[in-house]
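# Understanding the architecture of this molecule
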Amino acid sequence: MKGFFVFDIIKSIISILVLIAIVYFLLNFFGYEINKEYFSYSKKQCEQKLQDCTDSLIHKGIDNMECNVNCIEPKLIIKKK
């Protein structure tokens, strides 16, 4: 029984990797690319938003807190070449 379970996990991992490769090549074919630097330069902005939110939480309290900690902009992850 354990042999079949390990085989299923390996088969699933290979299927996921093949799917990722197909999506990557389709994006390139249609003129899009994955913005690999997005997470590097957005990290500092996200940390600053979290710091501002923490300061707001300390000063205004939980009930009056106005924070937007949405740090990921999906439109910037995949961009046109």
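Residues numbered from 1 in each chain as written. Predicted model: local features only at pLDDT ≥ 70, side-chain atom pairs only at ≥ 80, totals over all residues. Heavy atoms only, no water.

Quick look at the environment of Leu57 now. Looking at the element boundaries, Leu57 is found in helix H2 (residues 38-60). The exposure class of Leu57 is partly exposed, given its relative accessible area of 34%. (Helix = DSSP H or I, 4+ residues; strand = E, 2+ residues; numbered from the N terminus. Buried < 20%, exposed > 50% of the residue type's maximum accessible area, 1.4 Å probe, protein only.)

Our next topic: the packing of aromatic side chains. Summed over all chains, the structure comprises two aromatic pairs. Between Tyr24 and Phe25 the ring centres are 5.9 Å apart and the planes differ by 70°, which places this aromatic pair in the edge-to-face class. You can call Tyr24 partly exposed: its relative accessible area is 33%. A centroid spacing of 5.2 Å and a plane angle of 80° characterise the contact between Phe29 and Phe30, whose relative ring orientation is edge-to-face. Each member of the pair, Phe29 as well as Phe30, is classed as exposed. Here Lys80 stacks its cationic end above the ring of Tyr32, 4.7 Å away from the centre of that ring. (Phe/Tyr/Trp six-rings, centres within 6.5 Å; stacked < 30°, edge-to-face > 60°. Lys NZ or Arg CZ within 6 Å of the ring centre and 35° of its normal.)

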